[in-house]
Amino acid sequence: MAIATYFHPKSLSAEQYDNAVKELEAADAAQPAGRIHHSCFGPDTDLMVYEVWESQQAFEDYGTVLMPILQKAGIDPGMPDVMPIHNLIG
């Protein structure tokens, strides 16, 4: 079952986000298996992230790669809201 994840960290700047993306690209982890959609939005000093995953397991598997990179970038993602997808229109 597909899931949606919504992250609204206490603090996420555009610079932190961009640095994390560069680290993910360098680790060949910017396009993880099972992720259908990724968007980052909001003001440059208070960004949020929304993703759609094929399954809870795919999301959790990516966490093992993602979390060390976020820590290195100084990002505390907090606890995401995780919700089942009722309908997804491409």
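Scroll up a little and you will see the structure.
The residue numbering used here restarts from 1 in each chain and proceeds along that chain's sequence as written. With the structure being a predicted model, the display of local features is reserved for residues of pLDDT at least 70 and the display and counting of side-chain atom pairs for 80 or more, all residues being used for whole-chain, interface and lining totals. Side-chain numbers here rest on the full set of heavy atoms in the structure, without hydrogens or water.

*Asks:* Whenever I open this one, the nonpolar core confuses me. Can you help?
*Replies:* Grouped burial of nonpolar side chains is what soluble globular proteins tend to show. Only buried residues count toward a nonpolar core. Its members are Ala, Val, Leu, Ile, Met, Phe, Trp, Tyr and Cys residues joined through side-chain atoms within 4.5 Å. Each residue is assigned to one of three classes by its accessible area relative to the maximum for its type, calculated with a 1.4 Å probe on protein chains only: buried under 20%, partly exposed between the two thresholds, exposed over 50%. Of all hydrophobic cores here, the largest spans 18 residues; its most connected members are Leu 12, Leu 24, Trp 53 and Tyr 62. Contacts: residue pairs with any heavy atoms within 4.5 Å of one another. Excluding residues within four positions of it along the chain, Trp 53 makes contact with Ala 2, Ile 3, Thr 5, Pro 32, Ala 33, Gly 34, Arg 35, Ile 36, Ala 58, Phe 59 and Tyr 62.

*Asks:* Teacher, can you tell me more about the environment of Asp 61 here?
*Replies:* To qualify as a helix, a DSSP run of H or I must reach at least 4 residues; to qualify as a strand, a run of E must reach at least 2; elements of each kind are numbered from the N terminus. Counting through the fold element by element, Asp 61 comes out in helix H2 (residues 56–72). For the pair Asp 61 and Ala 33, spaced 28 residues apart in the sequence, the C-alpha separation amounts to 9.2 Å.

*Asks:* I keep staring at the sheet that holds strand E2 (residues 35–41) and nothing clicks. Help me out?
*Replies:* Backbone hydrogen bonds hold the strands of a sheet together, and the pairing may be parallel or antiparallel. At least two bridges found by DSSP between two strands are what make those strands a pair. If you walk across this open sheet you meet the four strands as E2-E3-E1-E4, and the pairing is antiparallel. The outermost strands of the open sheet, each flanked by one partner alone, are E2 and strand E4 (81–84). Between one strand axis and the next, the sheet turns by 15° as a mean value, whatever way the strands run. Against the sheet, H2 contacts strand E1 (3–7), E2, strand E3 (48–53) and E4, and its axis sits at roughly 40° relative to E1. Working convention: axes come from line fits to C-alpha atoms, limited for helices to the stretch in contact. Angles between N-to-C directions cover 0 to 180 degrees.

*Asks:* Looking at this structure, I do not really get helix H1 (residues 14–26). What am I missing?
*Replies:* Structural remark: α-helix, 3.6 residues per turn; residues separated by three or four positions point the same way. Multiply 1.5 Å by the residue count of a helix minus one, and that product is the helix's expected span. Its 13 residues give H1 an end-to-end C-alpha distance of 18 Å, which sits within 8% of 18 Å, the value for a rise of 1.5 Å per residue. Inspection of H1 places Ala 14, Gln 16, Tyr 17, Ala 20 and Leu 24 among the buried residues, and these make up the whole buried set. Looking straight down H1, one finds its buried side chains confined to an arc of 160°; they lie on one side. Of the exposed residues in H1, the ones pointing more than 90 degrees away from its buried face are Glu 15, Lys 22 and Ala 26. Of the surrounding secondary structure, the elements contacted by the buried residues of H1 are E2, E3 and H2. Downstream of H1 by one or two residues, Asp 28 has phi in the positive range, about 55°. Arc definition: directions from the helix axis to the C-beta atoms.

*Asks:* What am I meant to see in the packing of aromatic side chains here?
*Replies:* The way to describe two aromatic rings as a pair is by their centre distance and the angle between their planes. Side-chain rings of Phe, Tyr and Trp (the six-membered ring for Trp) are treated as a pair once their centres are within 6.5 Å; stacked means planes under 30 degrees apart, edge-to-face means over 60, and tilted covers the remaining angles. Summed over the entire model, instances satisfying the criterion amount to four aromatic pairs. For the pair Tyr 6 and Phe 41, a centre-to-centre distance of 6.5 Å together with 20° between the ring planes defines the contact as stacked. Placement of the pair is Tyr 6 in strand E1 and Phe 41 in strand E2, with a sequence separation of 35 residues. Taken together, Phe 7, Trp 53, Phe 59 and Tyr 62 form an aromatic cluster joined through their ring pairs.

*Asks:* So what exactly am I meant to see when it comes to the pattern of salt bridges here?
*Replies:* Where charged atoms from two side chains of opposite charge come close, those side chains can pair. Whenever Lys or Arg places a side-chain nitrogen within 4 Å of a carboxyl oxygen from Asp or Glu, that contact is recorded as a salt bridge. Inspection of every chain in the model, using the stated rule, returns two salt bridges. Residue Lys 72 pairs with Glu 23 through a salt bridge whose shortest N-O separation is 3.3 Å. Of this pair, Lys 72 sits in helix H2 while Glu 23 sits in helix H1; the two residues are 49 residues apart in sequence, bridging distant segments of the chain. Given a relative accessible area of 63%, Lys 72 falls into the exposed group. The partner of Glu 51 in a salt bridge is Arg 35, with the nearest N and O atoms 3.4 Å apart. Of this pair, Glu 51 sits in strand E3 while Arg 35 sits in strand E2, and the two are 16 residues apart along the sequence.

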